[in-house]
Amino acid sequence: MKYTGTLSVTTHQVGDTVYIIENDVPVAAVVSKTKSLVDADDNESVQYQLTGYGAKWFYESELFETKEAIKTYFEDKTDDL
Amino acid sequence: MLIATINGVKSANIDELFYYYLNRDSIVFNLSTGAERFYFDNHQSARKAADQFFEIYYKQLACIPDNTGRCYLVNVAKVISSSVSGKIIIIDFGLITKSIKSISEMRSEKDNKYLSKIVFSYNFLSNIGDYDVAYVNPSGAEDYTTISDAVEGVDEGAAVIIRAGEYDESISIAKDLVLYFEEGSKVLRAIGGSSTDSTIYILGYGDFENISTSFSVFGNSVSGVDYNSDVYVEFNTIKSGDKGFWGFTGIAKGFKIIPFGPESIMLDSDGTVDFDIDAVSIYTERDNTFIQWSTAPGRCTIRNAFVKCTSTETNINSWDAPRMTAYSFINIRMLNATEAPGCRNFLNSLCEINENVYIYQSMFVAKGDFNFFSDKRLTLFVYGDCYCNKGANNKFLIGNNILHVDSELVVEDVDLDFNSELINTFIMPLTNKPIKSKYTVGDTVYYNNKGAITELTINRVVVEVDNPNNDSEGRQVNQYGFEEINDLVKESRLFTTKNSLLKNLKGNYLNVQQDDIQHRIVINSINSAVSGSTIRDLTGLYLIGFDFTHMDEIDNPDTEFQFDGTVMCDDTSFEDCTLPAAVDTKAEFKALVKSYDKDTTLWTDGEPIGI
């Protein structure tokens, strides 16, 4: 049984500008809300809401700190092929 | 029209368009072929492209805001019909139907009327066969040589087509009528009306150039005017010696207003005015771009306006005796280039009553002070992405007023071309969130489940962080899930012990109270008033927050604590208390005490005892 919770500080904070891929184009958006979920197996996941996208939740894997990070991500994916 | 986006030049075809709207750094075009989003570097670039598109096709675009501030530019060429149901405007495009929810039923009614007028105007020439038509041509080649003769000569409900040429005459309309001014037609005097309840359309591309000091369109300079007349005016340009409009009730849609006098658009009447102006570009070097002066309640809606004013006074004004009840600014850009400190840019109301000002997706830029000001009380409602700069003098003033921001208001420094880099103050960035929740997975908590105190074990934790107050703290909401309960439960409804929950529910019944004078704690009605407070059994009691400091007052016998008549503590520190000799493990302690806090109860090793 744990004494401390496993909640982690989210990678992107409310107010941060992040980039998402929409219709193959990098789009900047501001984080308006974060949701951290710790389940029974003690796994933690984080989702984000972005201004301009209503109540839609984005997974952390869908967000990038910079446009360059998106490019790196795709390059890595290409290298994996 | 070709539009340069960040991913190449794209074509936006008005013939395929149902409607479009600005969404931050993109424009969404809803076309016959489906929705398409064009992206730009920033919000201003997207707005500029949207404005350029509007400037070309303004005649057939109607701007309707929804309750979030989003402004829909509707292609009236595609509109089959429109109707209103409460706050909802329903637009039938044939292939699709679009519903737009307004902030109020009044707004939806006004916007639907505005839309229907533009639809009527757009389709007028196509439907001209439905009218008795007279033509005015100054050359004498057609029915009339003057507009006033035509207006006098035709029957109620007729249409008058005005050919190119100059018309230096006074025109007064007193019947239901459609006047259509072809390109190249120029009117050199005021148009007025004295009819009651007339429905009048002035359509086309007329240039109204009046160099007198009182240019009047349906104004009170005409005797007997009825402000209930239903008037719709379209124009190409208005060049006015004094005022663009005077005492006008109705809807105006045009392109350029060039006033020479102190008031660009003057609404001056002794009756109730309801003014709606759309798609205008106004440049003025004098005061008071928009103004209302009426002794009766009135409303003014301004859409799609670009206003540049270099006056030392106000852009928007209503003063003195007026009873203006509401201004609505919808998708406008307004610039006051005056640097003089102290000038009251934008809004200056000296009304004796409160005013409401509604701002949708608009941009206000002041080179000098930015000042929403009212001597009385002004209530601002801001919807959608609105931008206001602070001005050169760093004063952002909303004096004497109330500001409601329903979505976002950005206060920033932008230059006069609206294209400087944004200072993003949408949401103040937070740091190090979320913080640890009070409980975690596996913790046992107590919950009032429909009247029954239920022991539950947490199997999931959900923590949400946002920043509704746009401060450095943000807001964190912790919720917990359980196998036995479907819904998440907020932290405030959970308790560490059964007794703490019971105390929260039934505190008064437990007779737990503190007497601030005698420093007594009385629990379970066991109270020895003479010898002081008596506590018979502390088992299970939730004592967090109790103040024991008064026990230092040894001269006061009422501060004693007793257990079964035995003084437990009288000026004695609890640090001297020891556990019974039989207790030498955590398990034995927990079995004996039963109620403890896992975090704040320290074991002999100095660490929290835990669960």
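Structure's up top.
Computed from a predicted model, the values in this text were never measured in an experiment. (Residues numbered from 1 in each chain as written. Chains lettered and ligands numbered in written order. Predicted model: local features only at pLDDT ≥ 70, side-chain atom pairs only at ≥ 80, totals over all residues. Heavy atoms only, no water.)

S.K.: Would you take a moment to explain the overall build of chain A for this structure?
M.R.: Within chain A, the secondary structure is distributed over one helix and four strands. The secondary structure elements of chain A, listed N-terminal to C-terminal, are β-β-β-β-α. Taken over 81 residues, chain A has a buried fraction of 40%. Restricting the contact set of chain A to residue pairs at least 6 apart, pairs at least 24 apart contribute 40%. Only carbon and sulfur atoms are counted for the fraction: they give 48% of the accessible area of chain A, which is about 4500 Å². (Helix = DSSP H or I, 4+ residues; strand = E, 2+ residues; numbered from the N terminus. Buried < 20%, exposed > 50% of the residue type's maximum accessible area, 1.4 Å probe, protein only. Contact = heavy atoms within 4.5 Å. Areas by Shrake-Rupley, 256 points an atom, 1.4 Å probe, with all protein chains shown as cover.)

S.K.: Please clarify how the overall build of chain B should be interpreted in this entry.
M.R.: If you tally the helices and strands in chain B, you get five helices and 50 strands. When burial is assessed residue by residue, chain B has 51% of its 611 residues classed as buried. Looking at chain B alone, contacts between residues at least 24 apart form 57% of all its contacts between residues at least 6 apart.

S.K.: Sorry, what's going on with a nonpolar patch on the surface here?
M.R.: Residue and element names in this part refer to chain A. There is a patch of nonpolar side chains on the surface, built from Ile21, Tyr73 and Phe74 and spanning about 260 Å² of accessible area. Structurally, the position occupied by isoleucine 21 is in strand β1 (residues 17-22). According to the relative accessible area criterion, isoleucine 21 is partly exposed, its value standing at 34%. (Patch = residues over 30% accessible without salt bridge, like charges linked within 9 Å, V, L, I, M, F, W, Y side chains within 5 Å. Salt bridge = Lys/Arg side-chain N within 4 Å of Asp/Glu carboxyl O.)

S.K.: For this particular structure, what's the right way to read the packing of aromatic side chains?
M.R.: Two descriptors summarise a pair of aromatic rings, namely the distance from one centre to the other and the angle between the planes of the rings. Residue and element names in this part refer to chain B. What the rule picks out here adds up to 17 aromatic pairs over all chains. Taking 4.9 Å as the distance between ring centres and 45 degrees as the angle between the ring planes, the aromatic pair formed by phenylalanine 29 and phenylalanine 38 counts as tilted. As far as the burial class goes, phenylalanine 29 and phenylalanine 38 line up, both buried. Here the aromatic rings of phenylalanine 120 and phenylalanine 124 are separated by 6.5 Å at their centres, their planes lie at 35 degrees, and the arrangement is tilted. With a relative accessible area of 24%, phenylalanine 120 lands in the partly exposed category. On the basis of relative accessible area, phenylalanine 124 is assigned to the buried category, the value being 1%. Among the aromatic residues, ring-to-ring pairing joins Phe120, Phe124, Tyr131, Tyr180, Tyr201 and Tyr232 into one connected group. A cation sits over an aromatic face here: lysine 59 above tyrosine 205, 4.2 Å from the ring centre. (Phe/Tyr/Trp six-rings, centres within 6.5 Å; stacked < 30°, edge-to-face > 60°. Lys NZ or Arg CZ within 6 Å of the ring centre and 35° of its normal.)

S.K.: How should the interface of chain A and chain B be read in this particular structure?
M.R.: When the parts of a complex come together, some accessible area is lost, and that lost area is often taken as the interface size. In this assembly, 35 residues from chain A lie in contact with 37 residues from chain B. Approximately 2800 Å² of surface area, both sides summed, lies buried where chain A meets chain B, with 57% of it carried by carbon and sulfur atoms. Viewed at the interface, chain B and chain A are joined by two salt bridges. Put simply, Glu464(B) and Lys33(A) hold a salt bridge, and the shortest N to O gap is 3.4 Å. For the pair chain A and chain B, the number of links is eleven residue pairs in polar contact (both at pLDDT 80 or more). No other element matches strand β2 (residues 25-38) of chain A, which puts 13 residues into the side of chain A that touches chain B. Of the residues contributing to the side of chain A that touches chain B, the split by class is 15 nonpolar, 14 polar and six charged. The pairing of β2(A) with strand β41 (residues 452-466) of chain B spans six bridges and is classified as antiparallel. Looking at the pairing, Lys33(A) lines up with Asp466(B) of β41(B). (Buried area = accessible area lost by both parts, 1.4 Å probe. Polar contact = N/O pair within 3.5 Å; in protein donor to acceptor, adjacent residues only side chain to side chain. Nonpolar A, V, L, I, M, F, W, Y, C, P; charged D, E, K, R; others polar. Pairing = 2+ DSSP bridges.)

S.K.: Teacher, can you tell me more about the sheet that holds strand β7 (residues 71-75) of chain B here?
M.R.: Within a beta sheet, neighbouring strands are joined by backbone hydrogen bonds and run either parallel or antiparallel to one another. Residue and element names in this part refer to chain B. The strand order across the open sheet formed by five strands is β5-β4-β3-β7-β6, and the pairing between neighbours is antiparallel. What marks the edges here is a single partner per strand, and that holds for β5 (34-39) and β6 (61-65). Taking the axes of each pair of neighbouring strands and ignoring which way they run, one obtains an average angle of 20 degrees across the sheet. Inspection of the sheet shows strand β3 (residues 17-23) paired to β7 by three bridges, in the antiparallel sense. Residue pairing across strands places tyrosine 21 opposite tyrosine 72, the latter belonging to β7. Across the face of the sheet, helix α1 (residues 43-57) comes into contact with β3, β4 (26-31), β6 and β7 while running at roughly 150 degrees to β3. Against the sheet, helix α2 (residues 105-123) makes contact with β6 and β7, and its axis sits at roughly 175 degrees relative to β6, the strand it touches most. (Axes fitted to C-alpha atoms, helices over the stretch in contact; angles between N-to-C directions.)

S.K.: Looking at this structure, I do not really get the sheet that holds strand β9 (residues 88-92) of chain B. What am I missing?
M.R.: Residue and element names in this part refer to chain B. Strand order in the open sheet formed by three strands is β8-β9-β10, and the pairing between neighbours is antiparallel. The open sheet has two edge strands, β8 (81-85) and β10 (97-101), and neither has a second partner. Strand after strand, the sheet turns through a mean of 20 degrees between neighbouring axes, direction not considered. As paired strands, β9 and β10 are joined by five bridges and run antiparallel to one another. If you follow isoleucine 91 over to β10, its bridge partner there is lysine 98.

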